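Structure at a glance
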Amino acid sequence: MTEREYSPGLEGIVAGETAISTLAGGLSYRGYSIEDLAHHATFEEVAHILLHGDLPTADELAKFRKRLGTQEVIPPPVLETLRRIPVKVPMMDVMRTGASLLAHWENEVADNSHDANVRKAERLLVQLPILMAARHRLLQGKEPVAADPRRSFAENVLWMLLRTQPTPAMTRAMDVSLILYAEHEFNASTFTARVIASTLSDLHSSICGAIGALKGPLHGGANERVLAILQTVGSADKAEAWVMDALAKKQRIMGFGHRVYKDGDPRAAYVKTMCREIAAETGHTPMEDLADKIEEVVWREKKLPPNVDWPTARLYHYFGLAVELYTPLFVVARTAGWCAHVIEQLDENRLIRPAANYTGPGRREWKDISQRAD
Ligand code: CMC
């Protein structure tokens, strides 16, 4: 077979078609710009756009919210298993196991029809934040709390984790961060989900694989490492020396750089504006000054802009959320995008099976074990 052109990391390779989102001309979900979504939408409206194809009418939104509010919560055996998982197990591993466990109590698990997958997606959208919050509370020695159907999706996420009434600015900031995390074309975890779906596996298996892909520090796992950087550096006056040392050691600075956005991640700019506001409200302005200084030095030295994880980690920290929740919160939001992609993949399915250029040895003679050198 002749060598075919290869792009490491599949950079720039078109690996499929999608009507869900595009980065061309600025990020948009099914034609709606993230500017408009970040200014006007709620996460529920964005989830509706992704799963059902368009903005809901008032009646459709009311029905969608009612469906989300009345979905089965976590089956008791799943909750029981959450109690037994060792304390040392990272939250992202619990999310992956949790998605798999939920499949065992999902009556439509093996039904890959469009409508069944939409129903399963809506259930997962509700179950995953409840599961995340339940595990978090169990680790604190507290009993899980149910979601409150009178609250919005974003408010419920904060309420279940913190058990204090979030301010309107906090709720809106959480809403926008979930909206901006919800979907991003053929990123690594979404592509993973599509590959799994393309074998005619099932939605829950796709989501388990996607969670595994998101966990890595080059993808969603970056947001948890961002906070470690900010806490290690400590203050703006130490930023210059820390960045210069990290770059001299050829370290990757988490929260900077992006495969597609070379001049700047538009999502980062939105979250950054909210960070300043929430930092002022919660007494964290010095961390914003530190982040600005790191940004300035990384740009000056490497021309690397911050990506969405850089400000989002700060935002979640200002909310008072524990760091091990940051990537799980990304899971909660991206579940909407992942499920939309699985459904789209299955609607026009063809097995995803690319090719490789072989780099191993040429054909060799079989050697009996007595003739092999030590
Ligand atoms: N810090 C230091 N150097 C970097 C960074 C960084 N964050 N990002 C890229 N580089 C350097 C890299 O070392 C390489 O340098 P050289 O050519 O001298 O070897 C050059 O830039 C190109 O790197 P690459 O890995 O080929 O570039 P990529 O387009 O594949 O990288 C990336 C994309 C996201 C993997 C990378 O920028 C990175 O590792 N960033 C840190 C992790 C991170 O923040 N991930 C979140 C991504 S966005 C949202 C999400 O998915 O969660």
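Residues numbered from 1 in each chain as written. Predicted model: local features only at pLDDT ≥ 70, side-chain atom pairs only at ≥ 80, totals over all residues. Heavy atoms only, no water.

Attention shifts here to the overall build of the chain. From N to C terminus, the chain includes 16 helices and 3 strands. Structurally, the chain occupies a C-alpha span of about 75 × 55 × 45 Å along its principal axes. Looking at the chain residue by residue over its 374 residues, the buried ones come to 49%. Within the structure as shown, the chain displays about 18,400 Å² of accessible surface, and the carbon and sulfur contribution to it stands at 54%. In the chain, 44 positive and 48 negative side-chain charges are present, and the distance between their average locations comes to 6 Å. (Helix = DSSP H or I, 4+ residues; strand = E, 2+ residues; numbered from the N terminus. Buried < 20%, exposed > 50% of the residue type's maximum accessible area, 1.4 Å probe, protein only. Areas by Shrake-Rupley, 256 points an atom, 1.4 Å probe, with all protein chains shown as cover. Lys, Arg positive; Asp, Glu negative; His and termini not counted. Charge placed at Lys NZ, Arg CZ, Asp CG, Glu CD.)

Moving on: the domain arrangement of the chain. Accessible area lost when the parts come together is the quantity often used to give the size of an interface. The assigned domain composition of the chain is domain 1 (30–213 + 328–347) and domain 2 (222–319). Relative to domain 2, the C-alpha centre of domain 1 lies at a distance of 27 Å. Of the residues lining the interface, 21 residues belong to domain 1; the matching set on domain 2 comes to 18 residues. Buried surface at the junction of domain 1 and domain 2, summed over both partners, amounts to about 1,600 Å²; 70% is from carbon and sulfur atoms. The largest per-residue losses of area from domain 1 upon contact with domain 2 belong to Leu180, Tyr181 and His184, which jointly make up 33% of the total buried on that side. Scanning the region where domain 1 abuts domain 2 turns up 0 salt bridges. Taken together, the links from domain 1 to domain 2 amount to 5 residue pairs in polar contact (both at pLDDT 80 or more). At the level of elements, helix 1 (34–40), helix 7 (153–162), helix 8 (168–181) and helix 16 (326–347) are the ones that each hand at least two residues to the side of domain 1 that touches domain 2. Ranked by the residues each element gives to the side of domain 1 that touches domain 2, the list is headed by helix 8, at 9 residues. (Domains from an automatic or database assignment. Contact = heavy atoms within 4.5 Å. Buried area = accessible area lost by both parts, 1.4 Å probe. Salt bridge = Lys/Arg side-chain N within 4 Å of Asp/Glu carboxyl O. Polar contact = N/O pair within 3.5 Å; in protein donor to acceptor, adjacent residues only side chain to side chain.)

Taken together, 21 residues surround the ligand, and among them His219, Arg252, Ile253, Gly255 and Asp309 come closest. At 2.7 Å from a nitrogen atom of the ligand is found a main-chain nitrogen or oxygen belonging to Ile253. Relative to its unbound accessible area of 920 Å², the ligand is 70% covered by the protein chains. (Near = heavy atom within 4 Å.)

The next point concerns the nonpolar core. Judged by nonpolar contacts, the single largest core of 113 residues is most densely connected at Phe43, Met174, Ile294, Phe319 and Leu321. The leading source of residues in this core is helix 16, at 13 residues. Discounting residues that sit within four places of it in the chain, Phe319 has contacts with Leu158, Leu162, Met170, Ala173, Met174 and Ile278. (Core = buried A, V, L, I, M, F, W, Y, C linked by side-chain atoms within 4.5 Å.)

The strand order across the open sheet formed by 3 strands is 1-2-3, and the pairing between neighbours is antiparallel. For this open sheet the edge positions go to strand 1 (21–22) and strand 3 (32–33), each flanked by a neighbour on one side alone. Note that strand 2 (residues 28–29) and strand 3 share 2 bridges and pair antiparallel. If you follow Ser28 over to strand 3, its bridge partner there is Ser33. (Pairing = 2+ DSSP bridges.)

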